[in-house]
Amino acid sequence: MAEAVLIKPDRSLVRKIKAAGGETVEKCYQCATCSVVCELSPTERPFPRKEMIWSQWGLEDRLMTDPDIWLCYQCSDCSVNCPRGAKPGDVMAAVRRFAFEHFAFPGFMGRALASPSGLIPLLLLPVIILCLIVWQETSGNLTALFQASAVVDFDYFLPHGRTEMLFIIGALLVVTCMSISLFRFWRGMDKAWGAQHKTGFIPALIGVVFEVILHKRFSSCGAARYRQFAHLLVFFGFVFTALATAMATFEMLFLHKFLGLEGHYPPFSLLHPIKIFGNIGGFAIVAGVVIMIYQHITNSENAGKAVYSTWLFIWMTGLVAVSGLGAQFFRIAGVAEFAYPFYFLHLLTVFFLIWYAPYSQFGHMFYRTLAMIFARSIGREAKEMKPLP
Amino acid sequence: MNTDLLVIGGGIAGITAAVEAAEVGKEVVLVEQEHWLGGRVVQMHKYFPKLCPPMCGLEINFRRIRQNPKIKVLTGAKPTKIDGDAGNFTATISIEPRYVNENCTACGDCEKACTVEVSDRFNFGVSKVKAIHLVNELAYPYRYFIEKDAVADPAMKDIADSCEYKAIDLEMQPETVEVKAKSIIWATGWQPYDAAKIDNLGYGTVPNVITNMNMERMASAGGPSRGKITRPSDDGEITRAAFVQCAGSRDEKHLPYCSTVCCMASLKQSRYIREQYPDAEIHIFFIDARTPGRWEDFLQEVEEDEKTIIHRGKVAKIVEADGGMITLTAENTLTGSLEQVTVDLAVLATGMVPNAAADKPPVSLTQDEFGFIENNGGSTVIATGVAVAPKDVAASNEEATGAVIQALQMMVEK
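Residues numbered from 1 in each chain as written. Chains lettered and ligands numbered in written order. Predicted model: local features only at pLDDT ≥ 70, side-chain atom pairs only at ≥ 80, totals over all residues. Heavy atoms only, no water.

Draft legend 1. Spatial organisation of the overall build of chain B. Along its length, chain B carries nine helices and 23 strands. Taken against the 2.2 N^0.38 rule, which gives 22 Å for 414 residues, the C-alpha radius of gyration of chain B at 22 Å falls within 12% of a compact globule. The dimensions of chain B, computed from C-alpha atoms along their principal axes, are 65 × 55 × 35 Å. For chain B, the residues scored as buried account for 57% of the 414 residues in total. (Helix = DSSP H or I, 4+ residues; strand = E, 2+ residues; numbered from the N terminus. Rg over C-alpha atoms; globule rule 2.2 N^0.38 Å. Buried < 20%, exposed > 50% of the residue type's maximum accessible area, 1.4 Å probe, protein only.)

Next comes the structure, spelled out in structure tokens:
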């Protein structure tokens, strides 16, 4: 046995975890069925049994320096097999939600994303900025947009140059804030696990990227297999739309503005690769989100407990895609009354997702990736059993 | 038939109640649904913590019943209707034919001649048994019976004709008797939880996974293997065995409650194996070892055995390994690593299900959500033993004696 350790329980953290979807945490009696049935759990210090007792005691230090909370894909095998209905899968998800708050920089952003009371100010920020741009561009003459003879022109309504600038400034801020949080997370894991890194960061990163692209871990899941498919759709939906965005930025900033070439400015033809990628991505996201919403409603046992931040993320993701596709459709159809509002909504949701990514559930892609890199670098792989002699 | 006390259930609680009441001079009718008395206790190999066979205690009780004219025993019998209240109950008891009458001397010639075989219920169906048999050498009543399903078999006719005492009567019909009683004690006991329902522990699918009650029968000299503990798949010797505690117990998908005796039962059964195989290694997997009161001493004794390894962590997976072995997986929650143990035999410590859960008493009794009877529910029928809550033999006896005092109080004319 290790030497004695003084443990300071923190009830307020237990209450937070319960409020964030882990309300069943106190039912756990530490039988460790969960650690055995989990296919992703390593042989040494498996999860989620240890996270369950850390959560029951409110041990913030241990939970927040634990890569394992991010190695869990919430496939619910543990929750289905739990003899007490303690739902370790839901508790792990609740701990992850708390992590967004815990590592948030600046801290108030984490709190703002965690509860519905923050929603209005969070929405107002992009709404006001976008409204100011619209006001400036149209000189307040919105009626001109909707004249029967007018062609739908998003560039006049919300100029691409402006939105690109907003996008780039926002992205830089996000990267800066996220880096600070990730640096803290990595340092915490390193300290807590006293880890000897067997693999360098870059080789581990490359391994993780392949794992993520192939969605390999999802395929071990039993209870909620649909997650692999749904996540794959949304994941590649975002990859495609991100590629489309990158291509559009290149065309507009480099080819159009810098080189001054003709024909490299929106609107692009529907057959242009930007449009093809964007549309495939959009439809994939919608399909994935529809599956997620459907499963959360009809299969709530296995889909995991959905709380405010789950729904916020799912709906925002869905709205980004629907508003983007809708704006495109109504622009081509020439229905200005719908095209402009949809475009406005699209930019609003894009900014909501991007600017607030480190603090919403979108942030899972950063924390999870980093935790997976850490786990890989210290040789922490899914179970490979050594029988006792 | 008039009596003072009617006891439903001829297990250890019912026997104790019947004997105690009769020995203070009351008339007793003891009703048992099987064709033998002794309930679950008669299936046991040894009691904990003293590891003495239950047969000696049962033998004394059977003698007390046999010698006491105030006790009337009805086997193969069940109450189908009960009316009235304390002081004047009327119970309708239906009696299944045993197809063997009082002429039987238990000479055993019929069993030798019998070619018809049936599933051996007394040994939980692990083997076949002759259609006409005794459950063991201490059966009470010491008289043969024929399993109902086999009576129609044409081969039984010759066996009936061959009995020189004319004891076999294949035409025997069910009977109904009415018993008027002043008080009723309800001691219908329990049955083991169906281990096949616990799908991750492999009972019924992975060979050499047995239950604790299977182990009692296997270790018992009167059992199907004549007391030899072996791997059921090939009768091989045991080099390593494991006990899986809380198999379906304290589990909301199975039995949400603790049956209180399974931990002690497994500690006891680990001794059975170590007695027969001095070199065998025993692994016991607990969530927590529940050894109430002074029985903790027994746990300490077992812990001191260097060949017995106790793991804190529940077995959540049992799979087949090579050569008839089986592999169990659990997390050792003290060291925090997953452990796998490969053994010859895994014993699932399954819990107790009250018989009254599925077989509802034909009388108004309050039962909890699991089927255990609550005595404060307003009924004047007194429940006792495991019908009330899981407990061991000693506690059942104590509770049954207490129930008799309540029954006697009801008999006093007010």
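Draft legend 2. The arrangement of the sheet that holds strand E16 (residues 317–320) of chain B in detail. Residue and element names in this part refer to chain B. Across the sheet, which stays open at both edges, the three strands sit in the order E16-E17-E18 with antiparallel pairing between neighbours. Edge positions in the sheet fall to E16 and strand E18 (337–343), since each has one partner strand and no second. On average, each strand axis in the sheet is inclined to that of its neighbour by 25 degrees, with strand direction left out of account. Sheet topology note: the E16/strand E17 (residues 326–332) ladder contains four bridges and is antiparallel. Each bridged residue has a counterpart across the sheet, and for Lys 317 the counterpart in E17 is Thr 329. (Pairing = 2+ DSSP bridges. Axes fitted to C-alpha atoms, helices over the stretch in contact; angles between N-to-C directions.)

Draft legend 3. Spatial organisation of the packing of aromatic side chains. All names here are of chain A. Scanning all chains against the criterion turns up 28 aromatic pairs over all chains. Geometrically, the ring pair formed by Phe 254 and Phe 258 is stacked, given 5.7 Å between the ring centres and 20 degrees between the ring planes. Here the residue Phe 254 and the residue Phe 258 both occupy positions in helix H13 (residues 226–258), the gap between them amounting to four residues, near one helical turn. Phe 254 sits in the partly exposed class, given a relative accessible area of 35%. Taken together through their ring pairs, the aromatic side chains of Trp 70, Phe 100, Phe 103, Phe 185 and Tyr 367 make up a single cluster. The ring of Trp 193 has Arg 45 sitting right over it, with the charged end atom 4.2 Å from the ring centre. (Phe/Tyr/Trp six-rings, centres within 6.5 Å; stacked < 30°, edge-to-face > 60°. Lys NZ or Arg CZ within 6 Å of the ring centre and 35° of its normal.)

Draft legend 4. Seen up close, the packing of helix H9 (residues 119–138) of chain A against helix H17 (residues 336–355) of chain A. Residues and elements named next belong to chain A. Here H9 crosses H17 at 130 degrees, and the two axes come no closer than 10 Å. Classified by the angle their axes make, H9 and H17 are oblique. Considering only the axes of H9 and H17, their crossing is right-handed. Contacts between H9 and H17 involve Leu 119, Leu 122, Leu 123, Leu 125, Pro 126, Val 127, Ile 129, Leu 130, Cys 131 and Val 134 from the former and Phe 344, Leu 347, Leu 348, Phe 351, Phe 352 and Trp 355 from the latter. Looking at side-chain class alone, the contact of H9 with H17 contains 16 nonpolar, no polar and no charged residues. (Parallel < 35°, antiparallel > 145°, perpendicular 65-115°, else oblique. Left-handed = near helix turned anticlockwise from the far one by under 90°. Contact = heavy atoms within 4.5 Å. Nonpolar A, V, L, I, M, F, W, Y, C, P; charged D, E, K, R; others polar.)

Draft legend 5. Representation of the domain arrangement of chain B. All names here are of chain B. Entries for chain B in the domain assignment read domain 1 (2–96 + 174–191 + 353–413), domain 2 (109–162) and domain 3 (194–350). Taking only C-alpha atoms, the centre of domain 1 and the centre of domain 2 are 26 Å apart. Listed by partner, the interface residues are 15 residues for domain 1 and 10 residues for domain 2. Carbon and sulfur atoms make up 67% of the area that domain 1 and domain 2 hide from each other, which totals about 1200 Å². Three residues, His 35, Trp 36 and Gln 43, lead the burial of domain 1 against domain 2; their summed loss comes to 42% of the area buried on that side. Between domain 1 and domain 2 we count two salt bridges in total. The residue Lys 148 makes a salt bridge to Glu 96 at a minimum N-O spacing of 3.5 Å. Here domain 1 is connected to domain 2 by four residue pairs in polar contact (both at pLDDT 80 or more). Contributing elements (two or more residues each) for the side of domain 1 that touches domain 2: helix H2 (54–67) and strand E3 (71–75). Broken down by element, the residue count for the side of domain 1 that touches domain 2 peaks at five residues, all from H2. Residue composition of the side of domain 1 that touches domain 2, by class: seven nonpolar, three polar and five charged. (Domains from an automatic or database assignment. Buried area = accessible area lost by both parts, 1.4 Å probe. Salt bridge = Lys/Arg side-chain N within 4 Å of Asp/Glu carboxyl O. Polar contact = N/O pair within 3.5 Å; in protein donor to acceptor, adjacent residues only side chain to side chain.)

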